[in-house]
Amino acid sequence: MMAASLLRRDKKSTAAHLKADLKRSDNSSGLRQLQELLDSVLNAERGSDPEALEWCKWLLAGGDGFDDFCRTVRSYDNATLCGLVWTANFVAYRCRTCGISPCMSLCAECFNNGDHTGHDFNMFRSQAGGACDCGDGNVMRESGFCSRHRLKTGENVPSVPRDLLLMSEMVLPRFIITIIQYLRDGYTEPESAADRDLQKVLQQLEPHISFLEELTKMGGAMRTVLTKILTNQQTFKELSMGQEENVYAKRNYEKYLSALKSSGLVSVEEKGAGAGAADASAGAGALSLLGATAAASLEDSSKEEDQDGLQGVGQRKRVKLSSSTKDPSIMDTLKHKCFLEELLFWTIKYEFPQKMVTFLLNMLPDQDYKITFTKTFVQHYAFIMKTLMKSHESDTMSNRIVHISVQLFSNEELARHVTEECQLLDIMVTVLLYMMESCLIKSELQDEENNRHVVVNCGEALLKNNTYWPLVSDFINILSHQSVAKRFLEDHSLLLLWMSFVSFFQGMNLNKRELNEHVEFESQTYYAAFAAELEACAQPMWGLLTHCKVKETQEYTKTVVRYCLETLQMWFDAIGFVDEPALNQLTFHLPLHRYYAMFLSKGVKCQGLDLDSLLPDQEMLMKIMVHPLQIQASLSEIHSNMWVRNGLQIKGQAMTYVQSHFCNSMIDPDIYLLQVCASRLDPDYFISSVFERFKVVDLLTMASQHQNAVLDSEQERPMLEGALTFLVILCSLRIHLGMSDDEILRAEMVSQLCMNDRTHSSLLDLIPENPNPKSGVVPGSCSFEEMLSAVADFKAPVFEPGGSMQQGMYTPKAEVWEKEFDPIMVILRTVYRRDVQSAMDRYAAFLKQSGVHTGNPWPPYKERTPLHPCYKGLVRLLHCKTLHIVIFTLLYKIWMDHQNMSEHVLCMVLYLIELGLDNQIQDDKVEEEPSIEEHCHDSWFPGTSLLSNLHHVINFVRVRVPETAPEVERKRERERERETPPSTSSESSTFGQSSRRLTGNWRENLREAQVFSLVAERRRKFQEIINRSNHEASQAVRPKSSSSRWLPPGSPPQLVTEILEIRESMLSLLVKLHQKLSAKQNSLSLSSLAEVDPAHHSHGDGLTAIERILAKAAARSRHSKRCLQEICGKVCPPIPPKKNSPGDKKSMDKEERRQRARERQQKLLAEFASRQKSFMETAMDVESPETDAVMDMGSAEPLDSEVLYDCVICGQSGPSTEDRPTGLVVLLQASSVLGHRCRSDTPKRLPTTDEEHIYPEDTCGATHDVRLSLMQRYFKDSSCLQSVSIGWDGGVYVQTCGHTLHIDCHKSYMESLRNDQVLQGFSVDKGEFTCPLCRQFANSVLPCRPGRGMETGAWHTPSNKSMSTLVKEVEDLQEQLGIFPAESNLSKEMESVIKDIKNTTQKKYMDYGKNPGSPDNDFLFMYSVARTNLELELVHRGGNLCSGGASAAAKRSCLNQLFHVLAMHMRLYSIDSAYNPWTRLTQSTHSRDTEYCDDERPEVPMLFRDVPSLLIIFILTMPQPLRKEHFTCVVKVLYSLQYTQALAALSIRFSREERLAWSNTGAAKKNTPNSDKSWESLLGHVISELTKAKDVYDTNSEETFALSSSVWSPQSIKFSLQQFCLPFLRLSCLLQHHLYGDSLPGCLVDEEFSLLAGGLGLAGSVQSSAACLEWNINAFDLISQWCSEVIALSDTPTQQSASLLVQDPQWAAPRLLHLPDNYNTIFQYYHRKSCTSCGKTPKDPALCLVCGAFVCLKGHCCKQQGVCECVLHSQHCGAATGIFLLINASVIIIIRGHRFCLWGSVYLDAHGEEDRDLRRGKPLYLCEERYRVLEQQWVSHTFDHINKRWGPHYNGL
């Protein structure tokens, strides 16, 4: 009852009344009333009700207005943090200088209010949302706080009065439970209902949650109240269940309980099933994951999917899991104790609605809340991830989860707290395991049938969509805190669990080599695999490694290494690995190996651990080495095209493996691990393994022919190169073997710069950073910049005119090329093989330039940094007999030109020899006695030292060769001579070569020569190490001898054993190779070797390399020196085997082949040229008869030679004729460049504040429009249309590339383009094409008029006719009627071009008359086209003609042809003689005034007319070609008019007194001789005449025109008259230049006037503008007549007459807007600005750089008739040319007609780079040069030619 009465009263008084009741000490009645009121108001059953919200607001305010209440509460805000929460796409800042945590971020306001000058900061668009950290000392340094949060504001805030928030404490709990009940009620399990329902529930709740959000923004005081309510367990108990009688509350509570049931990781049923097995101990549980149980359960599980994933697998495995975690509660269902917990629960259930997330985050500045919320979040962690796995919107949800977790876990204090109290680490690892379990499959690596190992399936959505990333990213985040990482490393059972997790990825994404046909479907799972290994395995590893840097952390490393080895051993057992890897299988993923490698490296490098203490026994090392070695061999196979049938994706994997973001987590640890194995295993065994893995064992024979069981012959060479290169990398790479971090950074940087010049950002990207952000060497840290400036020079961005935009680049310094270029590092780091070539080319170019070496240099040899003592064993690789035998064999094969050898092979062999010479084994005594290892049957070399083996001579070698080999032939010949019995061999081995002692008898040789076999060697060593019984070993070793090889039918001939006589040592072979390379005998002498200076000899080709090696050998061993002396004395060239084998064709000298090819090419070219010549001759004969027939249009003058045109399509040359016209390739485009000119030279500024504006009224286009419409108000329309020019906006500009073609050829060319299905960047239907010769864009053909080009000869002879005669002649010429040209191909083409010109621009730019489409209108449009083109040429010449010269190269100008086409067309309109302006210019007629009828408007007075327009009208309407004297006459007459206009305009600018004075001066001079050429008398006359007119001078002239307060001096008057007449003179000169070919001499600016006047034949060469006047009748009468026309306009308001008189023909050059220097100024103002037309903030805002308009790019909001706003604007503002700056991308986009292109950016960062899409967010500055280039392209209309990448925009921009 009471509630009902309360509800009826108004809210304000009720609230005040209740508040007063509740303030009493005995407040029970108040409480009761409030409860009842709330019961009725906040009823969840009624759904969300705006009324309820209103009530809450009033109640909280307790009688005041809600806004006042908010203000009051805010005044008590004690928060010191900013805490502003933002959502995705918000623009925020990150400063690395101020950040403690790498995730730190600031809102724009805090960033701009802090001082970050000189810091390393960037702006970024938030991906997932975030919150501002300003004021939080845990995340950032205090120095970076903004001015608002730097002061600890919290201290001086008064404490909150108790009654202020009293009502809030009472009302809000009820408000929150209402929300919760509503959420409970609305939730349905996804199976039963469509997801839409959830959205509906959320929409209805939106106002409630927004209200909560509003409350959080009231500051600290309100947040404290909310925290109390959200965390109070008592209130939750009372309200959560609902009262007994409330059925609704009960029902939704039950719903809540059922929702809770499924919240555990393991559902209840599974628990029961697993109880029996759950008593296994923790450790065993984790291990059994890898072991038998997993595999067994896989066998019998039928893969039924229930909502928890694979059930069968699941049960057994998950039970193991639940037993192995310390605390079973992780797996249990959740229990809630307070509102906050349940709110989070529903937030998760509803998949993190944005509003809820924002509310929960907005509360974070409250410390108590932060701790409670973090604990709650951790408690729900497993549940969150379980929900995420089932979600359909996993992307959005992932972002929202990370949005929350990054705020909680970046804080070390908090993270440590929850790790200790809530077992955060256990939860994370368990949940990760649980997640991955849902997608495990059986591994097929090695033993496919009996493999017991399970791996993740990379095709599963969980991996493909990266669903696991929020979890992994949190894990990496908390491991970056030292305290947390230490806990992890100390907890052995956790480590063990983690290792079992990592082992899920070991061997995933297995590739099997396709041997028969190409795979049908290329799987792209490798992306998922590489991402998973990097994110889930490598990054946590780097995180842990950061905390193992010092001696004190030794124990951690030892533990991790121990567990790695245990897990590896289990893995080997599980996959059934014995000793040989399975054939044709490859996996790039060995995270366990890499963990082991990286911890080893760290332990040795930073913690001073002894390597041997961390290594396992030899047998284990041999196993560990197998898979990484397999990867290296497979890389070579992939590049040798052996995996080509697996599709492109396998190449993709090989590239990703070495790519900069992956290499230091993949290939680097692999190579390091192999280096460790090589340093500890027997070197002979290791080397043999390498060659066997690379499948080139069969190739290493002295015989010239061999059979290879596993490789095709074209794969042998790349595989051999691969094997040798790998050995070189293995022996010379020092990344983990003793280089310091700085040295590594330097080496990486140098190798990247040597491949290509790099921009700063790509360099940052390409240098493998330690993926953990806290590692110290962060790109962008000072060490990076210092190192960069030490090794590279900066090349500022350059602009190739017409070329692409260059970025600022870094290029290696000269001394880097000289001393530091390391090809081995380059090979290791190149993703594309072409980069290695690129580096070598650049190196060669450097050597050539610096004059060190001109030929083709070899990769330089580089001295290495010394090895860390632990790895000294690596050197033994270079000093083992096996390697020496291989080297010897290869040197011999290269010398003998055997097939499949290459320069690269020799290069790598020499590299290995040199490495061996430089890295001697210390304890080895170089003695010549046989070494102790004599019991080995490798009797090739006496010892292992390379230095002593170099000069050891090998005499005989036994080889196995096919019967057909040349060796056998030669032996047969020898036998015939000597008749010795043939030798036989009892050994059956793959291949053997050996002999040590020379004996005279062949048989003895045979007995002596024991056979050496790489494979046998390796097996023997292997068995020695693994001391097993013979029986076992023979089983393990599957013999692979050639005898047991199955030979297919038609197989190659059988092998026989031969003995070769060699008698060479490595030294002698080197000397012979030197001879062979230098192609001259005795190329070496010992004395010259003694002078070899290794430093100078470090650059050069193979010769230099051999000399360097021999010099080193001679210097280091006396014995070698002696041998060298002997060898150099008696060298002879080799006898290569007879060339009868097919393979030897390859070795035909390359040079010879090239020579032949060159000759063939020459022959072909010559033949082609002669054929073309004869064709041209015949073609010309056909043409010649017609040319005589065409006479010049009725003129009697003798024909000058006709102009011949070349057609670029058919190649013929000839004149243009009526029947077969030739045309110029032209591009017609509408242009508004002229219309955008202003009066002032300084460009308009782009507004960047609300105060600034751009006024478009003062532009040329606007002024002319106003002038024309003003005239049309008072004068006759037809007359108006001849008194001005249009085309300032939307005029048609014609430009050509200068190439000509027959118009019929052009038509067939267009047909072929139309049928060409290739999508070009242009539209053939619109007539667009590219010039067939120069590929310049064009859209029409302008016919060339038959006859001569320029009017020469008779047309030029100056005549001595008087002025009046000429005037009369001109008048007669004008009277001639236009003759319609006869119908011919030429006239048709002319018509069609006129049509093209009209179609080029829009209707509105053509119709200015009262009746559109009338002849007058057409006439105006035509002559304006001529005007536009003349004006634009003037603009391109810089606005004047001072520079002189032909127009932009006369070839490029088409004005002459254009004039003829326009003239043809305009002759069709004859001007009615009564209105012909010529008579009014040259005769004084007084009778005409009376002729007007009353209704007809007057004609435009002469003084108002535009003189250049008149000039063009006269020239175009008179018969062509026009004699020069007539042209000059027209110019003179018009000059008088222009001059009079100048006087009139000037007089209006005088003050009244000045006018009086000048008119008197003029009157005095009037009677002097030549007064009509004195400006004073003329000025006086004009003033006195115009004074008669009513008010021309009186229009408030004092204010308007007395702009200049200074008095006019005669000088200033003369100057301004000249300036006024200059534009007319310039146009006339240009016209004369184009019509008559007169040259334009250059001059100084102040001489321009007199020069032009002289050039036009105006008399005055003096510096006075009046002296040029030439009147044909009395000047004063004529002027009076012109003035009287103005005086007669009694009805025009005088103001208009004055403004029409003052027309100023001068305009400044067109400019784009002036942009601010810093891009941030533009960005901050415009990226939030709302659009003027639709009022929204555009998604993609853009700015027009011509007029400053702000438009929506692609915005549907501003579409009109299906055309988006940018395209519309480009039509209005630039007649279909638009230049827009995209605010969010910093790039400029050009719209030209129906096409658009991305132009590039005019804003560059400090390193001269663009930042498209603002991805890097570094500060950007205006690049003046680029902006000038853009402006230049706009003014010169060359966008179409210079920018190449155009596409259609379909009106969608």
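All values derive from a computational prediction rather than experimental measurement.

Novice: Just give me the short version of the side chain of Asn-122, but keep the residues and values in it.
Specialist: In this fold, Asn-122 is placed in strand β3 (residues 121-125). Among the polar contacts made by the side chain of Asn-122, one reaches the main-chain carbonyl oxygen of Arg-1816 at a distance of 3.0 Å. Sequence-distant contacts of Asn-122, that is, excluding residues within four places in its chain, are made with Ala-92, Tyr-93, Arg-94, Arg-96, Arg-1816, Gly-1817 and Lys-1818.

Novice: Give a description of the confidence of the model for the protein chain that names residues and reports values.
Specialist: Residue-level pLDDT values for the protein chain average 80, and 80% of them are 70 or greater. Across residues 979-1011, confidence stays below pLDDT 50; counting only partners more than four residues off in sequence or on other chains, it has 83 contacts.

Novice: An account of helix α21 (residues 394-409) is requested, with residue identities and associated values reported.
Specialist: Look at α21: 21 Å from first C-alpha to last across 16 residues, which is about the 22 Å you get at 1.5 Å a residue. In terms of burial, α21 is largely enclosed, as 12 of its 16 residues are buried. Taken residue by residue, α21 has Ser-394, Met-397, Ser-398, Arg-400, Ile-401, Val-402, His-403, Ile-404, Ser-405, Gln-407, Leu-408 and Phe-409 as its buried positions.

Novice: Before we move on, can you summarise helix α12 (residues 247-261) with the specific residues and values?
Specialist: End to end, α12 covers 22 Å across 15 residues, agreeing with the expected 21 Å (1.5 Å per residue, within 8%). Those residues of α12 not exposed but buried are Tyr-248, Ala-249, Asn-252, Tyr-253, Tyr-256, Ala-259 and Leu-260. Looking straight down α12, one finds its buried side chains confined to an arc of 130°; they lie on one side. Those residues of α12 that are exposed and angled more than 90 degrees off the buried face are Val-247, Glu-254 and Lys-261. Among the structural elements, α8 (166-186), α11 (233-240) and α17 (339-349) are those in contact with the buried residues of α12.

Novice: For the sheet that holds strand β25 (residues 1788-1792), give the residues involved together with the corresponding values.
Specialist: Pairing within the open sheet is antiparallel, and its 6 strands lie in the order β23-β22-β24-β25-β26-β29. The sheet is open, and its two borders are formed by β23 (1750-1752) and β29 (1847-1848), each paired with just one other strand. Bridge count between strand β26 (residues 1795-1800) and β29: 2 bridges; the pairing is antiparallel. Paired with Arg-1795 across the bridge in β29 is Pro-1848. The strands that helix α74 (residues 1824-1835) touches are β24 (1777-1782), β25 and β26; relative to β26, the one it contacts most, it runs at about 155°.

Novice: Account for the nonpolar core, with residues named and values stated.
Specialist: Grouped together as the largest cluster of nonpolar side chains are 299 residues, with contacts concentrated most on Phe-505 and Ile-913. Sequence-distant contacts of Ile-913, defined by excluding residues within four places in its chain, comprise Ile-887, Leu-891, Leu-946, Leu-950, Leu-1070 and Ile-1109.

Procedures and definitions
Residues numbered from 1 in each chain as written. Predicted model: local features only at pLDDT ≥ 70, side-chain atom pairs only at ≥ 80, totals over all residues. Heavy atoms only, no water. Helix = DSSP H or I, 4+ residues; strand = E, 2+ residues; numbered from the N terminus. Polar contact = N/O pair within 3.5 Å; in protein donor to acceptor, adjacent residues only side chain to side chain. Contact = heavy atoms within 4.5 Å. pLDDT = per-residue confidence, 0-100. Expected span 1.5 Å × (residues − 1). Buried < 20%, exposed > 50% of the residue type's maximum accessible area, 1.4 Å probe, protein only. Arc of directions from axis to C-beta. Pairing = 2+ DSSP bridges. Axes fitted to C-alpha atoms, helices over the stretch in contact; angles between N-to-C directions. Core = buried A, V, L, I, M, F, W, Y, C linked by side-chain atoms within 4.5 Å.

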